[in-house]
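Descriptive structure summary
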Amino acid sequence: EDKVVQSPLSLVVHEGDTVTLNCSYEVTNFRSLLWYKQEKKAPTFLFMLTSSGIEKKSGRLSSILDKKELFSILNITATQTGDSAVYLCAAPMDSSYKLIFGSGTRLLVRP
Amino acid sequence: NAGVTQTPKFRVLKTGQSMTLLCAQDMNHEYMYWYRQDPGMGLRLIHYSVGEGTTAKGEVPDGYNVSRLKKQNFLLGLESAAPSQTSVYFCASSRSGSEETQYFGPGTRLLVL
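A brief structural summary. (Residues numbered from 1 in each chain as written. Chains lettered and ligands numbered in written order. Predicted model: local features only at pLDDT ≥ 70, side-chain atom pairs only at ≥ 80, totals over all residues. Heavy atoms only, no water.)

Quick word on the overall build of chain B
Each helix and strand in chain B was counted, giving zero helices and eleven strands. Compactness check: chain B gives a C-alpha radius of gyration of 13 Å against a globular reference of 13 Å for 113 residues, within 12% of the reference. On the principal axes, the C-alpha backbone points of chain B span a range of 40 × 30 × 25 Å. Burial status across chain B gives 50% buried among its 113 residues. Considering only contacts in chain B between residues 6 or more positions apart, those separated by 24 or more positions represent 55%. With an accessible surface of roughly 5,200 Å², chain B has 52% of that area assigned to carbon and sulfur atoms. Both charge centroids of chain B, one from 11 positive and one from 9 negative side chains, sit 8 Å from each other. (Helix = DSSP H or I, 4+ residues; strand = E, 2+ residues; numbered from the N terminus. Rg over C-alpha atoms; globule rule 2.2 N^0.38 Å. Buried < 20%, exposed > 50% of the residue type's maximum accessible area, 1.4 Å probe, protein only. Contact = heavy atoms within 4.5 Å. Areas by Shrake-Rupley, 256 points an atom, 1.4 Å probe, with all protein chains shown as cover. Lys, Arg positive; Asp, Glu negative; His and termini not counted. Charge placed at Lys NZ, Arg CZ, Asp CG, Glu CD.)

Set out below in structure tokens:
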């Protein structure tokens, strides 16, 4: 059965800290892994990773995929209170476009 | 360009009542999805549609029905609401099946008493 597992479930840090969020997956015919940020409402797309070892960056956020070890990490450097959110990772299941989501990591950045 | 919109934003139902949640997208996307999000369980796919007039079951379809009569709209129906359907419902759309970036609506919070 396809699954996506995220850790930790929650994390509390102070502004300026660097955090690493983890996502491991077991997905048949894996094609890609996606990261979303969910604040109060809709998840918003961050990254899509398809190739192993190639880092994607957007400002203070970066992500990388390891297809051999079946995981991805999301790094946030110099965290700000606006980074407080639930971060979700997801993968299309079984060669389809239907996404299977992890349960998310809730990040709280304190001033 | 509003993206994906959902109505209503919040609703309280009594057990056994019915209701329809509306999702609309103005991006001309072919694929649309309905998810529910419960604490500690992430997002789970209820039903999806790969084009106007088509629908298919996702992971947790029981107790829900859907219709896609127009390309821009995807309706989620609850015929006889149960407390287990208390959740936050998200609609999403994507350009095609190969374009895996899904764009989400703001969600509908549903409470079934």
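Observations regarding the environment of Pro106(B)
Secondary-structure assignment places Pro106(B) in the loop between strand E10 (103–104) and strand E11 (108–112). Residues Pro106(B) and Phe90(B) lie 16 residues apart in sequence; the distance between their C-alpha atoms is 6.9 Å. Here Pro106(B) is in contact with Lys41(A), Ala42(A), Val4(B), Thr5(B), Gln6(B) and Phe90(B), once residues within four sequence places are set aside.

Brief notes about the sheet that holds strand E7 (residues 65–67) of chain B
The strands making up a sheet associate through backbone hydrogen bonding, with each pair oriented either parallel or antiparallel. Residues and elements named next belong to chain B. Read across the open sheet, the four strands follow the order E1-E3-E8-E7; overall the sheet is antiparallel. Sheet topology places strand E1 (4–7) and E7 at the edges, where each strand pairs with a single neighbour. Between one strand and the next, the sheet's axes are offset by a mean angle of 20°, whatever the strand orientation. Direction of pairing for E1 relative to strand E3 (residues 19–25): antiparallel, over a ladder of four bridges. Each residue of the ladder has a partner; that of Val4, found in E3, is Gln25. (Pairing = 2+ DSSP bridges. Axes fitted to C-alpha atoms, helices over the stretch in contact; angles between N-to-C directions.)

What about the pattern of salt bridges?
Pairs can form between side chains of opposite charge once their charged atoms are near each other. Residue and element names in this part refer to chain A. Considering all chains together, one arrives at six salt bridges over all chains under this definition. For Asp83, the salt bridge identified is with Arg60, shortest N-O distance 2.8 Å. Taken together, the residues Asp83 in the loop between strand E8 (71–76) and strand E9 (85–92) and Arg60 in the loop between strand E6 (56–58) and strand E7 (61–66) connect sequence positions 23 residues apart. In this structure Asp83 comes out as buried when scored by relative accessible area, which is 4%. Residue Arg60 is classed as partly exposed on the basis of its relative accessible area, which comes to 24%. (Salt bridge = Lys/Arg side-chain N within 4 Å of Asp/Glu carboxyl O.)

A word on unusual backbone geometry
All names here are of chain A. Residues Ser7 and Pro8 are joined by a peptide bond in cis, for which omega reads -10°. Structurally, the position occupied by Pro8 is in the loop between strand E1 (3–7) and strand E2 (10–14). Its identity as a non-glycine residue notwithstanding, Ala78 has a phi of 45°, on the positive side.

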